[in-house]
Amino acid sequence: KTFDAVATQMNVLAARLARDYPDANRDHGVRVYTLTQGMMDEGSGPMLSLWQASAFVVLLIACANIANLMLARAAERRREIAVRLALGASRARIVRELLTESVLLSLIAVPPALGFAWICLYLMRISMPARIMRFVPGFETLGPDLSLLGFTLGLALLTACVFGILPALQAARSKVSDALKEGGRTATGRQVLRRAIVVAEMSIALPLLVAAGLGVLGTNRLLRGPQGYNPDRLLTMKLLLAERNYPDDAASRRFVERALEAVAAVPGVERVTVANALPASGSNSSTAIEIDGHPVDDPRNLPTVDNRLVGSQHFETMEIPLTRGRGFTAADREGTDFVAIVSASMAAQYWPGADPVGRRLRVRYGPLRASASPWITVVGVSGDIIQDWFNRRNVPTMYRPIAQVPTTYFGIAARTAGDPMTLPGGIPRALLRIDPAQPAFEMASLRQGLHRR
């Protein structure tokens, strides 16, 4: 079957499930990917392209260096070449000889280049965390092979011909009478050409140097700069509730409440929250929305925002500022009016120049987004955060109390009084006392999560 046919069939199946089981398929849709697309991180393609572009620029710089050295060598040999020309050697033969030397030098450089590449690739492979490596298809088998050998040989021959032809032509075009003297027009012309290559080399190297410097500064700002929340002293972990033990919303809600109480009681924990997608966790949840007062023309083409289901102390625990309205309280639970807090970017996008507090919106779900949740009232506005370093920066985000919209997959974040890595033993034991068959996983400090991402 074709990819489009499979996507059509999956959409039909998802629509049928949403119609027959609306509760279980709330806020769910279907997207069909190939295996490679499904495993690949969204940022890996552009990053690999950037690496390839940088490697190409480095290759140009190296070739310019070699061309300049060959010009200098040809300048030292100009008397020898002039004698050969005087003895009857053709200029074509001189060019062939010099090109042959260039090709041999390039081929001799291939074995050490492949050895150095093998060492570098090996070091890259063993230093890459497994949880990140899985998003780059083929990275675990990265290494020299026959295709790389053929590519390297072809590239060596190409660069030898392209960057060796200029010195060869320059040497063959020398006037015999001038070459037999010290200096002369040809020597001056050769000096001008060498200087032009140096200028071109610097012009190529400067953007690469600037880009590398900006990359270092950007990475440092990412890891150490403002995130919109405080990542220090935060211990994070993930949980996935088994459906057989937590078959409905009430069971999930009870576990979350007991888990928050148990973790908060661990010595050294100051505050604790839950969220269906914590920052720097590698996961995300988004949903289509409908704004009250803005009629829906096409349910399949609705605005989409990041969807966060969080605990009542989420903003205090993460130290995300509330710029307007109020935060969540224990009163925002099942059976009460649905409420939400929106990020500053979402408020600016959907209520520009107006106060979003008191406005209403609702979630559209299902494959065709034909179903809608009850109206949700905005009660506050929060600051923007960096959810993911590559493509989730200051994205319009809607926060909802997890007590009103329970989920079986979520993360716990505990703010500690000291180093969060001194508490990993106490928190899992507290959770296992609630349910011995329900372990937490991927436990780490949020700072570690930022470095891994």
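Source: prediction; values computed, not measured.

## Focus on the overall build of the chain
Summing up its helical and strand segments, the chain has 14 helices and 14 strands in all. Here the chain, with 453 residues, has 38% of them falling under the buried criterion. Taking all contacts inside the chain whose residues are at least 6 apart in sequence as the whole, residues at least 24 apart take part in 77%. Put simply, the chain shows about 24,800 Å² of open surface, and 61% of that area lies on carbon and sulfur atoms.

## Overview of the pattern of salt bridges
Side chains that differ in sign of charge can pair as their charged atoms come close. Applying the stated rule across the entire model yields 14 salt bridges. Glu270 is the salt-bridge partner of Arg233, the closest N and O atoms lying 3.4 Å from each other. Residue Arg233 is found in the loop between helix H9 (185–224) and strand S1 (234–240), and its partner Glu270 is found in strand S2 (residues 269–275); the two are separated by 37 residues along the sequence. Classification of Arg233 by relative accessible area gives partly exposed; the value is 29%. In this structure, Asp332 and Arg326 form a salt bridge, with 3.0 Å as the shortest nitrogen-oxygen distance. The exposure class assigned to Arg326 is partly exposed, which follows from its relative accessible area of 33%. If you follow the salt bridges from partner to partner, you end up with Arg253, Glu257, Arg333 and Glu334 in one network.

## Notes on the environment of Cys161
You can see Cys161 is positioned in helix H7 (residues 146–172). Separated by 59 residues in sequence, Cys161 and Ser102 have C-alpha atoms that sit 7.5 Å apart.

## Observations concerning the confidence of the model for the chain
For the chain, the mean per-residue pLDDT works out to 80, and 80% of the residues sit at or above 70. The spread of mean pLDDT over the elements of the chain runs between helix H8 (residues 176–179), the lowest at 58, and strand S6 (residues 339–343), the highest at 97.

## Notes on the side chain of Ser252
Counting through the fold element by element, Ser252 comes out in helix H10 (residues 249–264). Since its relative accessible area comes to 3%, Ser252 is described here as buried. Here Ser252 is in contact with Leu241, Tyr246, Pro406, Thr407 and Thr408, once residues within four sequence places are set aside.

## Comments concerning the pairing of S2
The buried fraction of S2 is high, at 5 of 7 residues. Pairing analysis gives 6 bridges linking S2 to strand S13 (residues 409–416), with the strands arranged antiparallel. Across the sheet, the residue bridging to Arg271 is Arg415, located in S13.

## Some details on unusual backbone geometry
Excluding glycine, residues mostly carry a negative phi; peptide bonds, for their part, are mostly trans. One non-glycine residue, Glu319, lies in the positive phi region at around 60 degrees. Backbone geometry places Glu442, a non-glycine residue, at a positive phi of 50 degrees. Tracing the sequence through the fold places Glu442 in strand S14 (residues 441–445).

## Here's the deal with H10
Taking 1.5 Å of rise per residue, the 16 residues of H10 would be expected to cover 22 Å, and the 23 Å separating its terminal C-alpha atoms lies within 8% of that figure. Here H10 has its buried residues at Ala251, Ser252, Arg253, Phe255, Val256, Ala259, Ala262 and Val263.

## Considerations on the environment of Arg31
Structurally, Arg31 can be placed in the loop between helix H1 (3–20) and helix H2 (35–39). Separated by 20 residues in sequence, Arg31 and Asn11 have C-alpha atoms that sit 8.1 Å apart.

## Section: the packing of aromatic side chains
Throughout the structure, instances matching the rule amount to 6 aromatic pairs. Taking 6.0 Å as the distance between ring centres and 55 degrees as the angle between the ring planes, the aromatic pair formed by Phe315 and Phe328 counts as tilted. In this pair, Phe315 sits in helix H11 (residues 314–318) while Phe328 sits in the loop between strand S5 (322–325) and S6, placing the two residues 13 residues apart along the sequence. A residue is classified by how much of its surface remains accessible, and Phe315, at 4% relative accessible area, is buried. Measuring from centroid to centroid gives 5.0 Å for Phe315 and Tyr399, while their planes differ by 70 degrees, and the two rings are edge-to-face. A residue pair is termed long-range when its members are at least 10 positions apart, and Phe315 in helix H11 and Tyr399 in strand S12 (residues 397–401) qualify at 84 residues. Both residues of the pair, Phe315 and Tyr399, count as buried.

Conventions and cut-offs
Residues numbered from 1 in each chain as written. Predicted model: local features only at pLDDT ≥ 70, side-chain atom pairs only at ≥ 80, totals over all residues. Heavy atoms only, no water. Helix = DSSP H or I, 4+ residues; strand = E, 2+ residues; numbered from the N terminus. Buried < 20%, exposed > 50% of the residue type's maximum accessible area, 1.4 Å probe, protein only. Contact = heavy atoms within 4.5 Å. Areas by Shrake-Rupley, 256 points an atom, 1.4 Å probe, with all protein chains shown as cover. Salt bridge = Lys/Arg side-chain N within 4 Å of Asp/Glu carboxyl O. pLDDT = per-residue confidence, 0-100. Pairing = 2+ DSSP bridges. Expected span 1.5 Å × (residues − 1). Phe/Tyr/Trp six-rings, centres within 6.5 Å; stacked < 30°, edge-to-face > 60°.

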